[in-house]
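Inside the fold
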Amino acid sequence: MVKHYLLLVYRNFLRAKSYFTINLVGLSTGLACTLLIFLWVSDELSMNKFHEKDARLYQIMEHQMYADGPMTTTSTPGLLAETLKAEFPEVEYAATTTWVNNFTLSINDHSVKAKGWYVGPEYFQIFSFPLLQGTADQVLKDDRSIVISRSLARKLFKDEADVLGKTVELQHDKSYQVSGVFEDLPATSSIQFEFTLSFEDFKKTNDWVLEWGNNGPSTYVVFKEGTDAAAFSEKIKNWLQTKNKETNTELFAYHFSDRYLHGRFENGKQVGGRIEYVQLFSIIAIFILLIACINFMNLSTARATRKAKEVGIKKSVGAQRGSLILQFLSESVVVTLVSVLFSLVLVMLLLPKFNEITDKKIQLSLLDPQLLGWAAAITVVTGILAGSYPAFYLSGFRPASVLKGNVSGSWGELWARKGLVVFQFFLSVILIVSVLVIYRQIEFAQTKNLGYDKDRLIQIYIEGKLRAGRETFLTELRRVPGVAGATSIGNQLLGRNNNTSGLEWEGKDPETNILFENVAVNYGTIETLGIEMAEGRAYSEEFGADTTKIIFNQAGIEAMGMVNPIGKHIKLWGQYDLEIIGVVKNFHYQSLHEEVAPLFFRLSPRNTWTAMVRLEGGREKEALEGIQRIYSTLNPGFAFEYQWQDQEYGKLYAAEQRVASLSFSFATMAIVISCLGLFGLATFTAERRTKEIGIRKALGSSSTSIVVLLSADFTRMVLLSIGLGLPASYWLLKQWLDRFAFHIDLGIGYFALAGALALVIAWLTVASQAIRASNVNPVNCLREN
């Protein structure tokens with residue numbers, strides 16, 4: 001029986017090669033897109049889920065209360081982890097972490113750059129990063145211990161098997177003993193580092209973390225079995241006030257592995273995050289699969305009259321409707337199975353580029369049970385979904401009517417087919433508008449005047465001997481040919497870095513709490529960055545004693561409600577009396593998702609850690625070579641590295657750029673698949689109306705009128721799709737744009753262009769077949785039976 005059905009399927013394919021090819025290409029492409037999205041979604045959903053204690057692993061976070069509402073942050077006091085474990089029996093393990101930075105590690109004269117951070121002694125008991133050497137409860141007991149990854153061990157010690165006890169120098173300054181080696185971190189970890197140091201060692205040189213009023217580190221805990229995380233959050237909500245009576249902060253515990261996908265908070269409530277993109281692309285995958293299935297259904301029903309006699313003869317000799325349904329479903333499932341195999345080949349070819357776009361390391365294993373399950377499910381579900389309507393429709397033909405030639409498409413069939421085409425292009429229109437708007441918003445973010453000049457501006461991290469010789473380094477940089485200016489700053493202007501609410505001013509409401517970004521600067525910072533003064537002056541060595549002065553942005557002055565601020569005084573942290581000497585115009589130091597927040601500059605060169613160097617246009621290469629020579633001379637043993645400010649700023653929109661690239665790719669595929677279906681239908685329509693075309697031509701109709709006739713139906717369907725798709729796309733895109741504090745206007749031009757593109761694409765698809773049909777010889781048409 002199975003062999004018989006397969007033979008029938010094979011013969012049908014041979015009889016209709018063009019339709020089979022269209023179905024195969026359409027389904028293969030649609031399934032390949034669906035599989036790529038499935039792999040990406042699976043990877044996103046698996047992030048941070050591999051930790052053995054995942055169910056009990058939580059991050060302690062804060063809601064900080066300010067005048068404009070609560071701000072949710074992962075920054076916590078440095079003493080929080082050890083104190084929570086000591087005072088709360090629910091906590092089994094607790095650890096503090098700082099932030100990942102690039103450091104120079106060296107053995108004798110061999111140096112490498114590596115990413116590392118300081119963590120608490122129980123870190124490897126909390127997180128499941130397998131240790132190849134050393135034990136989890138001992139590797140960070142000693143303040144001068146360092147735990148390195150397998151790859152870093154290979155870079156430092158080549159092929160040495162046992163590296164425990166070996167000495168490694170950090171920043172050519174301090175020596176540490178290797179106490180452990182951990183396996184390289186998996187790609188499904190959102191935390192990526194190459195070595196860890198003891199947080200106890202960090203405390204010795206950073207006494208600010210010993211004060212409850214200061215934030216910065218992150219805190220992680222593992223609860224004991226049976227602990228209710230919600231009850232624990234309620235228990236610690238106001239607990240911080242027992243350590244710092246002046247705090248405005250509420251603590252809460254948040255499931256660690258959930259934060260990757262659900263990390264966006266507004267007004268103290270969790271409102272989304274990466275999960276929105278997971279949902280978006282899951283919907284796109286369903287759309288693309290539906291479009292591919294619709295093609296199959298449309299072409300199969302369109303060819304119903306071609307199979308009518310076959311159905312009639314089989315029914316007249318006793319074939320049951322069930323066997324006919326099984327035959328047609330078998331044909332559909334076989335096409336789907338072949339398409340799945342082709343799609344797997346496509347995915348293997350496209351995966352490297354897909355990984356590059358998504359910044360992933362996804363691998364395709366044909367023996368993966370999850371993949372095999374997907375392939376089986378998609379073959380059966382898609383095969384049945386795509387073949388169900390044709391199977392039940394064709395098998396319902398009456399033998400007598402069929403054999404008399406009285407079979408024609410019913411109104412129901414016609415409207416169903418038209419409805420499917422409308423739905424296809426409805427989805428395509430939404431995708432086209434989305435791509436146009438997303439690309440324009442990213443372009444807007446990249447080209448908008450930020451209030452400072454990010455072009456031809458490089459960052460150089462001040463480390464090693466440059467810390468003590470900062471001013472010498474900057475002086476030498478200014479002498480390099482091609483350097484227009486050089487300064488140093490304690491902020492990269494790429495987001496919140498150091499902030500405080502510890503400001504007092506005349507007339508301040510005691511109940512008002514305002515968060516200011518605190519930016520340490522050097523002389524020349526404002527001028528080098530190209531920030532404009534709204535009033536007053538910038539810091540200048542000509543005036544002397546500017547360390548007792550302060551400069552705000554316009555948002556800061558507005559938040560304080562000051563009028564004529566120049567010359568007024570504010571008190572910082574209750575001890576520094578600072579005079580306002582200037583106000584800069586607002587500039588964007590965060591992404592355009594955020595409003596410009598209050599900020600102040602404070603002259604404090606020793607607290608600046610990034611050199612900002614402005615290069616002259618056309619002389620960048622010459623300037624960089626000169627800078628590298630000076631860097632190597634003044635800071636031997638450290639590799640010269642720099643970043644372009646505009647490129648670093650662009651990384652703030654990495655998620656949106658990936659969405660734009662993927663949207664463009666998948667929208668293109670969806671449109672191609674839709675056009676394949678439209679092309680197949682146009683071909684069938686031209687074939688079915690061959691006699692009509694011959695008669696019209698014999699009566700004097702022109703080729704142009706024939707083309708218009710054949711295109712009119714499809715044009716009406718696409719116009720209806722546009723009419724339905726544009727309002728839907730407006731609503732969806734307005735929701736997306738509202739996530740940006742600064743965004744483009746959703747003007748009519750995007751929708752007009754999308755509609756025009758959809759119409760032109762449809763016309764071009766149909767035109768080839770319409771023109772071909774209009775040019776046939778009417779004599780040949782009328783001779784056909």
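I will try to describe carefully the structure that is included in this document.

Rules and cut-offs
- Residues numbered from 1 in each chain as written.
- Predicted model: local features only at pLDDT ≥ 70, side-chain atom pairs only at ≥ 80, totals over all residues.
- Heavy atoms only, no water.
- Axes fitted to C-alpha atoms, helices over the stretch in contact; angles between N-to-C directions.
- Helix = DSSP H or I, 4+ residues; strand = E, 2+ residues; numbered from the N terminus.
- Parallel < 35°, antiparallel > 145°, perpendicular 65-115°, else oblique.
- Left-handed = near helix turned anticlockwise from the far one by under 90°.
- Contact = heavy atoms within 4.5 Å.
- Nonpolar A, V, L, I, M, F, W, Y, C, P; charged D, E, K, R; others polar.
- Salt bridge = Lys/Arg side-chain N within 4 Å of Asp/Glu carboxyl O.
- Buried < 20%, exposed > 50% of the residue type's maximum accessible area, 1.4 Å probe, protein only.
- Phe/Tyr/Trp six-rings, centres within 6.5 Å; stacked < 30°, edge-to-face > 60°.
- Lys NZ or Arg CZ within 6 Å of the ring centre and 35° of its normal.

Some thoughts on the packing of helix 14 (residues 470–478) against helix 17 (residues 620–634)
Where helix 14 contacts helix 17, the two axes come as close as 10 Å, and the packing angle between them is 155 degrees. The orientation of helix 14 relative to helix 17 falls into the category roughly antiparallel. The two elements helix 14 and helix 17 meet at a crossing, and its hand is right-handed. From helix 14, Phe 473, Glu 476 and Leu 477 reach across to helix 17, where they touch Ile 627, Ile 630, Tyr 631 and Leu 634. Residues of the contact of helix 14 with helix 17, tallied by class, amount to 6 nonpolar, no polar and 1 charged.

Examining the pattern of salt bridges
One pass over the full model with this rule turns up 32 salt bridges. Taking the shortest distance from any N to any O, the salt bridge between Lys 204 and Asp 143 comes out at 2.9 Å. Of this pair, Lys 204 sits in helix 6 (residues 199–205) while Asp 143 sits in the loop between strand 6 (131–133) and strand 7 (145–149), and the two are 61 residues apart along the sequence. Asp 143 gets classed as partly exposed once you look at its relative accessible area, which sits at 22%. Here Lys 174 makes a salt bridge to Asp 201, at a shortest N to O gap of 3.1 Å.

What about the packing of aromatic side chains?
On inspection of all chains with the given rule, the structure shows 47 aromatic pairs. Aromatic side chains Trp 505 and Phe 516 sit 6.3 Å apart centroid to centroid with 75 degrees between the ring planes, which places their arrangement in the edge-to-face category. With Trp 505 in strand 18 (residues 503–505) and Phe 516 in strand 19 (residues 516–521), the pair connects residues that are 11 residues apart, well separated along the chain. Residues Trp 505 and Phe 516 agree in their burial class; the two are buried. A centroid spacing of 5.5 Å and a plane angle of 35 degrees characterise the contact between Phe 640 and Tyr 642, whose relative ring orientation is tilted. The exposure class of Tyr 642 is partly exposed, given its relative accessible area of 31%. The ring of Phe 742 is capped by Lys 448, whose NZ or CZ atom sits 5.3 Å from the centre of that ring. Above the plane of the ring of Tyr 576 lies Arg 602, whose end atom (NZ or CZ) is 4.5 Å from the centre.

Here's the deal with unusual backbone geometry
Here the phi dihedral of Asn 48 falls at roughly 65 degrees; this positive angle occurs in a residue that is not glycine. Position of Asn 48 among the secondary structure elements: in the loop between helix 2 (17–45) and strand 1 (57–66). Here the phi dihedral of Lys 158 falls at roughly 60 degrees; this positive angle occurs in a residue that is not glycine. Secondary-structure assignment places Lys 158 in the loop between helix 5 (150–157) and strand 8 (167–170).

Everything listed here is a matter of geometry and, on its own, says nothing about what the molecule does.
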